[in-house]
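Spelled out from the first residue to the last, the chains are:
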Amino acid sequence: MSSFGNGNNNRYQNKSNKGKDNLESTRRLATAYINLANSLSSRDCNRLKQLYNLVKTKKTAFALDYDPYSDYKGKDGSVSNYKKFGCNTLTDDEINYNLLPKLFGKGVSLYKTAILSGDTESLTILLNRFKLQEIPLSHFITIARMEDKDLNDNPYVKFLIGQLYIDDYFVNKNPTKAVEYFKAAGDIQEHDLGYYLAFAKIEEGIESQDESLSKISFLNDENQNKTNHDDLIKQIEENLDPKDYPSMLRLSFYYAEDEKLNRAIEYFDIACTLEASRACELYKQQLKQPQKNKIYSLLRKFDKNNPDIKVSVAIAKWYEDLGKNLTAIYYYSYAMDKDPKLLLKMVKLLETANIEFSSELEMAIINTYIKYDSYIDNAEIKYKIFELYFYSSRSSDSVLEKQKISMYWLEKAAEAGHVLAKLKISDEYKSGRYIKQDFTKTLYWYNSYCNVFKENESYIYTCSPFIEKEKETSDLITKANNGDMEAQFNLGKILYDDVALYTTGLYYLKLAADQGHKEAKSYYHRYERRYELMCSMNFSG
């Protein structure tokens, strides 16, 4: 990556070397304008008048591309940067709204000229003077506009814009954009660039965590969209000199890109002890903020390959408090082996996460429950998975596949003892709507459902044969399933008359009739006509 290299002689660098004296003169002149604007006081009324007349007669040289009056208005309507001079020949308004904006504007313009020609020192001075409020922030608009101008091939502009995006004093902080601009500035010979790039990558890893499902390994292919610089890192570390800060910054960047922020921060800390950099100063400012200091402290202790459970949970909670639910889930996932119940917390976070497509959310919740089920055998969770699959299939392109999967989890829930699941899977085997029709299994699961109520004083009447005559009914079922036509006949009558499992009763009556049982044949035809009539009246069974 050229940003970490020794640099190449390019047209910008050559121009900077040839015009070094000119750049220094431009910078000194810019500094003189800013110093003058800051040092003027009521004792300088004569000089103020002379400057004012000069500005008035040199309109072209002092032309600005914005309205200084509006720039000097505070957001609350009060006037900011307004000074009291009390001169007799010049009003305060003339000084504040005409003269001073011109002086500040001229100074900023000269700094810009120097920066465009490759003077990074002017860049540092300009940004520092804004932060020290030695230049009214209203003049910053001309700097911010450089991003929109046709300066895309100037690496020094990219270096400047990158610094704006990594420092929330100027614009809404955006470490991802900062990294983009610093990479694009890679040809310039400036030691600060390596520091800024490493720092921005760390900040990107902390603040701009990818709020998407793709980074949560147990919901996706663990290696999906992952960068891996292991070989490059190993090569650099094997030959690393303790004072080689450029290599340490490269390591910091590569570790951050591999999402190993503990090592990224470690190398950046060392590099900051070896060489001064404004990026290091920004880093120290971040550490003065309690919340930022907390996350940096936690991330220093977090090793992806050997995660500390308490640290993982603490980091997850930090992101959860920020409302970054998916990033919180990512860190909670490192603790789920020790505490599977965290997966239930993850479900709640998913339910309130900003996920664009409902189908993605449904599958994420399903897979989280499935992961929980792999740790803890829980009938209720299995039933939830069934419901999610079953109802999501209503709007899915793969309806049949989802329905088959939902039946698998319904039967799993029944096997785990879920009462309603037993009744439902019995009904599904009876109807054959989403699973292959099997009356033997219908009876098995209905019997299992009724057995739940054996110890209860009250139960639905259709369970009577399975509770009051449990042994006789059980023997009858065994014989019927083994081909005993008399048992099939008697069981068919019970199921049709007493249990209201009409289709199942007809099934056993037909088995007996097909074996030549005359009474079963008579019952079958009579009951079949009755069932058809019931179906026409919207009865089911």
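As the structure is a computational prediction, the values presented were derived from the model and not from experiment. (Residues numbered from 1 in each chain as written. Predicted model: local features only at pLDDT ≥ 70, side-chain atom pairs only at ≥ 80, totals over all residues. Heavy atoms only, no water.)

### What to know about the overall build of the chain
Across its full length, the chain holds 28 helices and zero strands. Scored against the burial criterion, the 541 residues of the chain give a buried share of 49%. Sequence-distant contacts in the chain: of pairs separated by 6 or more residues, those separated by 24 or more amount to 60%. (Helix = DSSP H or I, 4+ residues; strand = E, 2+ residues; numbered from the N terminus. Buried < 20%, exposed > 50% of the residue type's maximum accessible area, 1.4 Å probe, protein only. Contact = heavy atoms within 4.5 Å.)

### A short note on the state of the cysteines
Scanning all chains against the criterion turns up three disulfides. Residue Cys45 pairs covalently with Cys87 via a disulfide, S to S 2.0 Å. Classification of the bridge connecting Cys45 and Cys87 rests on its S-S torsion, roughly -85°, and on that basis the disulfide is left-handed. On the criterion of sequence distance, the pair formed by Cys45 in helix H3 (residues 45-57) and Cys87 in the loop between helix H4 (68-71) and helix H5 (92-116) is long-range, its members being 42 residues apart. The exposure class of Cys45 is buried, given its relative accessible area of 17%. Cys87 gets classed as buried once you look at its relative accessible area, which sits at 11%. Here Cys272 is linked by a disulfide to Cys280, with a sulfur-sulfur distance of 2.1 Å. Between Cys272 and Cys280, the S-S torsion sits near -90°, and that sign places the bridge as left-handed. Classification of Cys280 by relative accessible area gives buried; the value is 3%. (Disulfide = S-S within 2.5 Å.)

### Remarks on the nonpolar core
Generally speaking, nonpolar side chains in soluble globular proteins are found buried as a group. By size, the foremost hydrophobic cluster in this structure holds 128 residues, and its most contacted members are Ile143, Phe182, Tyr195, Ile206, Phe268 and Ile315. Judged by nonpolar contacts, the second largest core, of 17 residues, contains Cys450, Phe453, Cys463 and Ile467. (Core = buried A, V, L, I, M, F, W, Y, C linked by side-chain atoms within 4.5 Å.)

### A word on the environment of Asn154
Within the element layout of this structure, Asn154 appears in the loop between helix H7 (141-144) and helix H8 (155-166). Taking the C-alpha atoms as reference points, Asn154 and Ile115, 39 residues apart in sequence, are found 9.8 Å from one another. In terms of polar contacts, Asn154 uses its side chain to reach the backbone carbonyl oxygen of Leu116, at 3.0 Å. (Polar contact = N/O pair within 3.5 Å; in protein donor to acceptor, adjacent residues only side chain to side chain.)

### Description of the packing of aromatic side chains
By convention here, two paired aromatic rings are described through the distance between centres and the angle between planes. In the structure shown here, the tally under the stated rule is 37 aromatic pairs. Taking the centre distance of 5.8 Å and the plane angle of 80° together, the rings of Phe159 and Tyr196 count as edge-to-face. One end of the pair, Phe159, is in helix H8; the other, Tyr196, is in helix H10 (residues 191-207), and 37 residues separate them in sequence. Considered together, Phe159 and Tyr196 belong to a single accessibility category, that of buried residues. Judged by centre distance (5.3 Å) and plane angle (50°), the rings of Tyr383 and Phe386 are tilted. On the criterion of helical spacing, the pair formed by Tyr383 and Phe386 is a turn pair, its members being three residues apart in helix H20 (residues 379-392). The class for Tyr383 is buried, based on a relative accessible area of 6%. On the basis of relative accessible area, Phe386 is assigned to the buried category, the value being 4%. Through a chain of ring-to-ring contacts, the aromatic side chains of Tyr195, Phe199, Tyr245, Phe268, Tyr283 and Tyr296 assemble into a single cluster. (Phe/Tyr/Trp six-rings, centres within 6.5 Å; stacked < 30°, edge-to-face > 60°.)

### Some thoughts on the confidence of the model for the chain
Any region with low pLDDT has predicted coordinates that should not be read closely. Confidence in the prediction of the chain, expressed as mean pLDDT, is 85, and 87% of residues score 70 or more. Taking the mean pLDDT of every element in the chain, the minimum, 48, falls on H4 and the maximum, 97, on helix H13 (residues 261-274). A low-confidence stretch, residues 5-11 (pLDDT under 50), is modelled with nine contacts involving residues beyond four sequence positions or located in other chains. (pLDDT = per-residue confidence, 0-100.)

### Let's talk about the environment of Phe453
Its location among the elements puts Phe453 in the loop between helix H23 (439-451) and helix H24 (464-467). C-alpha separation for the pair Phe453 and Val419, spaced 34 residues apart in sequence, amounts to 9.8 Å. If near-sequence neighbours (up to four positions away) are discounted, Phe453 is found in contact with Val419, Tyr459 and Ile467.

### A few points about the packing of H23 against helix H27 (residues 502-514)
At their nearest, the axes of H23 and H27 sit 10 Å apart, and the two run at 125° to each other. As the angle between them shows, H23 and H27 are arranged oblique. Note that H23 runs across H27; the crossing there is left-handed. Here Phe439, Thr440, Thr442 and Leu443 of H23 come into contact with H27, specifically with Thr503, Thr504, Tyr507 and Tyr508. Classifying every residue of the contact of H23 with H27 by side-chain character gives four nonpolar, four polar and no charged. (Axes fitted to C-alpha atoms, helices over the stretch in contact; angles between N-to-C directions. Parallel < 35°, antiparallel > 145°, perpendicular 65-115°, else oblique. Left-handed = near helix turned anticlockwise from the far one by under 90°. Nonpolar A, V, L, I, M, F, W, Y, C, P; charged D, E, K, R; others polar.)

### A closer look at helix H14 (residues 278-287)
Spacing of three or four residues puts side chains on the same side of an α-helix, whose turn is 3.6 residues. For H14, every residue scored as buried is listed here: Arg278, Ala279, Cys280, Leu282, Tyr283 and Gln286. A distance of 3.1 Å separates the backbone nitrogen of Ala279 from a side-chain oxygen at the start of H14, and that oxygen is part of Ser277.

### Describing the packing of helix H6 (residues 120-131) against H8
Put simply, H6 and H8 touch, their axes get as near as 11 Å, and they point 25° apart. As the angle between them shows, H6 and H8 are arranged roughly parallel. Along this stretch, H6 crosses H8, giving a crossing that reads as right-handed. In this structure, H6 contributes Thr120, Leu123 and Leu127 to the contact, and H8 contributes Tyr156, Phe159, Leu160, Gln163 and Leu164. Here the contact of H6 with H8 is built from residues that sort into six nonpolar, two polar and no charged.

### Observations concerning the environment of Tyr449
Within the fold, Tyr449 resides in helix H23. Each C-alpha atom of the pair Tyr449 and Lys422 lies 5.4 Å from the other, and the pair is 27 residues apart in sequence.

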